[in-house]
Amino acid sequence: MLTLAWKNLFHDKVRLVVTLVGIVFALVLILIQFGLFLSFMDTSANIVEHSRADLWISSPKIPHVNGGSPMAESQRWKALQVPGVQRADRFILAWVPWKLPSGAIEQVQVAGFLLDGDMGRPWNIVAGSVEALRAEDTVIVDEIYKEKLGVTRLGQVVEMSGRRARVVGFTHGIRSFTTSPYIFTSFKNALNYSPGMTEKDTVYFHIRVAPGFTPAQVKRSLQQMLPQFDIYTNDEMLSKTRTYWVFETGAGITTLMGAILGLIVGIVVVAQTIYAATVDHIREFGTLKAMGASNMRIYEVILAQAAMSAVIGYTFAIAIAYFVSQGSQGGNAPIALPPQVAAGTLLLAIGMCAGASIISIRKATTIDPAMVFRG
Amino acid sequence: MIEIRNLVKTYGKGSAAVHALNGVDFDVAAGEVVMLMGPSGSGKTTLLSAMGCILQATSGSIQIDGREIVGLPESKLPRIRLEHFGFIFQGFNLFPALTARENVELSLKLKGVSSSQCRRRATELLEQVGLGDKLKTHPADLSGGQKQRIAIARALAGDPPIILADEPTAALDSHSGQTVMELLTALARQRQRAVVVVTHDNRVLHYADRTVHIADGRIANHFEEGRTAA
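The helix and strand inventory of chain B stands at 6 helices and 11 strands. A compact globule built from 230 residues would reach a C-alpha radius of gyration of about 17 Å, and chain B, at 18 Å, matches this within 12%. Overall, chain B is about 55 × 40 × 30 Å in size when its C-alpha atoms are taken along their principal axes. For chain B, long-range pairs separated by at least 24 residues make up 67% of all intrachain contacts whose partners lie at least 6 apart in sequence. Accessible area of chain B: about 9400 Å², with a carbon and sulfur share of 46%. The centroid of the 26 positive side-chain charges in chain B is displaced by 5 Å from the centroid of its 24 negative side-chain charges.

Below, the discussion takes up a nonpolar patch on the surface. Residues and elements named next belong to chain A. A contiguous nonpolar patch, built from F247, I253, M257, I260, I264 and V268 and spanning about 530 Å² of accessible area, is present on the exposed surface. The element that contributes the greatest number of residues to the nonpolar patch is helix 9 (residues 251–280), accounting for 5 residues. Following the sequence through the fold, V268 ends up in helix 9.

Another aspect to go through is the side chain of B:R81. In this fold, B:R81 is placed in helix 2 (residues 77–84). With no salt bridge to any partner, buried B:R81 finds its closest opposite charge in B:E74, at an N-O distance of 5.3 Å. Of the polar contacts made by the side chain of B:R81, one reaches the backbone oxygen of A:K289; its length is 2.8 Å. With sequence-adjacent residues up to four places away left out, B:R81 is seen in contact with A:K289, A:A290, A:M291, A:G292, B:G52, B:C53, B:I54 and B:F87.

On the chain B side, the residues contacting the 23 residues of chain A number 23 residues. Regarding the contact of chain A and chain B, the summed buried area is about 2200 Å², with carbon and sulfur atoms giving 68% of it. Contact with chain B buries area across many residues of chain A, yet A:K7, A:M291 and A:F373 alone supply 33% of it, more than any other trio. Counting the contacts that link chain A with chain B gives 1 salt bridge. One salt bridge in this structure joins B:E102 and A:K7, with 2.7 Å as the shortest N-O distance. Where chain A packs against chain B, one counts 5 residue pairs in polar contact (both at pLDDT 80 or more). For the side of chain A that touches chain B, the element with the highest residue contribution is helix 10 (residues 282–291) of chain A, accounting for 7 residues. For the side of chain A that touches chain B, the class distribution of residues is 10 nonpolar, 7 polar and 6 charged.

In this section: the packing of aromatic side chains. Residues and elements named next belong to chain A. The final tally for this structure, using the stated rule, is 13 aromatic pairs over all chains. When the ring of W56 is compared with that of F91, the centres are 5.9 Å apart and the planes differ by 85°; the resulting orientation is edge-to-face. One end of the pair, W56, is in strand 1 (residues 55–58); the other, F91, is in strand 3 (residues 85–99), and 35 residues separate them in sequence. Given the relative accessible area of 0%, F91 is considered buried. Both rings, one in F177 and one in W245, keep their centres 5.8 Å apart while their planes meet at 50°; by these two values the pair is tilted. Note that F177 is positioned in the loop between strand 8 (163–171) and strand 9 (182–186) and W245 in helix 8 (residues 234–248), a separation of 68 residues in sequence. On the basis of relative accessible area, W245 is assigned to the buried category, the value being 13%. Connected via pairs of aromatic rings, a cluster forms that spans F40, F177, Y244 and W245. Lying across the ring of F170, K146 places its NZ or CZ 4.3 Å from the centre.

Next up on the list: the packing of helix 11 (residues 295–328) of chain A against helix 13 (residues 358–365) of chain A. Residues and elements named next belong to chain A. The interhelical angle for the contact between helix 11 and helix 13, taken along N-to-C directions, is 150°, at an axis separation of 10 Å. Here helix 11 lies roughly antiparallel to helix 13, going by the angle between them. Crossing angle aside, the handedness with which helix 11 passes helix 13 is right-handed. Along the contact surface, helix 11 presents N295, I298, Y299, I302 and L303, while helix 13 presents S360, I361, A364 and T365. Across the contact of helix 11 with helix 13, the residue classes break down as 6 nonpolar, 3 polar and no charged.

Quick notes on the rules
Residues numbered from 1 in each chain as written. Chains lettered and ligands numbered in written order. Predicted model: local features only at pLDDT ≥ 70, side-chain atom pairs only at ≥ 80, totals over all residues. Heavy atoms only, no water. Helix = DSSP H or I, 4+ residues; strand = E, 2+ residues; numbered from the N terminus. Rg over C-alpha atoms; globule rule 2.2 N^0.38 Å. Contact = heavy atoms within 4.5 Å. Areas by Shrake-Rupley, 256 points an atom, 1.4 Å probe, with all protein chains shown as cover. Lys, Arg positive; Asp, Glu negative; His and termini not counted. Charge placed at Lys NZ, Arg CZ, Asp CG, Glu CD. Patch = residues over 30% accessible without salt bridge, like charges linked within 9 Å, V, L, I, M, F, W, Y side chains within 5 Å. Salt bridge = Lys/Arg side-chain N within 4 Å of Asp/Glu carboxyl O. Buried < 20%, exposed > 50% of the residue type's maximum accessible area, 1.4 Å probe, protein only. Polar contact = N/O pair within 3.5 Å; in protein donor to acceptor, adjacent residues only side chain to side chain. Buried area = accessible area lost by both parts, 1.4 Å probe. Nonpolar A, V, L, I, M, F, W, Y, C, P; charged D, E, K, R; others polar. Phe/Tyr/Trp six-rings, centres within 6.5 Å; stacked < 30°, edge-to-face > 60°. Lys NZ or Arg CZ within 6 Å of the ring centre and 35° of its normal. Axes fitted to C-alpha atoms, helices over the stretch in contact; angles between N-to-C directions. Parallel < 35°, antiparallel > 145°, perpendicular 65-115°, else oblique. Left-handed = near helix turned anticlockwise from the far one by under 90°.

Function cannot be read off these values alone, since they describe shape.
Right, here's the structure in full:
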């Protein structure tokens, strides 16, 4: 029966091409939209994901990590008194203006971390070093934003928040979900760049939990000690930030809807072509039934045709999606294509094509084998 | 081999009911070639469909090798068709995507025969019907007579005791029609197969052991070797 399915599929090459175009279109749409969604998930909270903090202390009711407001640095001493708190490092994340070579202003987010700690530091350094931030008025920029920020080389002096800033390092792939790039610097430098903040201020405390304690335990204790502030585990801050940027702004929902639309379009297109192919072959299925084939054998042919279409269509789709994904990596909206998504999409393609065959199977079930005697 | 008694097939209900078969009694023996004739709508194809387990009769009895098939559940019929019948259709009903040999192999594969045996048996059958040189040819590249010979090879592939043919020569020229009928009669004589042929083609009547006329869903009369039997 597999031979019949295979030969039927390739016998009408025009129909095969139409079917494959439908499947490829749907799968590419799903892969790209879902890839964008995953990328949004990653980008929206990467500064939290890579923070290496166990807990965050913030001013109350922040909507997301990029929405923190200053609080007194003196709270640090209270935090350090809580059993299980090994470190409490100050961390600044603030929106500041960056002056472009043209004189125009671009908003950036300055991320200031303690150089003596290991929390809140930049990652994927590809040029320069974090140690260079010990010098006054120095910053690290992501190379993706070089053009946007008018940065061309290490050592270049720019203007941020009305102060000079020398670029001493480049990272790779640290994107911001907003259009404002992250600019990493030391906590001390960040204070200078953040208007209205003094040495007695911070925006967050990154908490490192001591061995033998769990973040949940320490969170409860900290909350009792600092009831006027909010305490989040890193996962909670991650979730809060992602939920805000990806879902509450509608950006993620739009991409998810795109993926779902791709799935619906795919099912409709594939259902239509497989149904048309079944109707075209209805006399052959009737003949098979007259010859003694059970309904199961007929389903086998239809489902095998659907599965073969799915696998062939998927092969083209994943190749296209791979090239699109690779091409997008240097831009602001990279499309993620992890192996799990690639594998899951193959199963989805087979499921989609099998689902699209249901109407055809219903049609085949109702074939009257006596039709074979009608001229 | 086939015994049909008081067979009734009714379409529709009440005043709209149409009696396609109305009390048919009919037997076919092994080694016999029977022609079923009658005007359009007389019920001959319905009778062929009912005896081939393709159509469920409304009432009456059909026994195939002593086994009653009227009233059997739908799910049992494919297996009976597979084991007892080979079908030949007016329109050939070959699979256009398959080669001549693959068309014949398909019938064997339905019976669960291994691929190598399918190939060997299909090749033998196509050689027997004179198409040994067309094994890899698709139906679209063959003449009507050649297509019908593939259909005969396919019908014979599973070695069924009964061959049911619906207008097998209708789409063929005279010479091809004669070839097809010679193959079918040889099959009946040499292999003791029962062959039932629905036909309008008077040119092939002389191949019949018996000709049965059907009209208005009833057997009108039988002719055996040129004389009226009933």
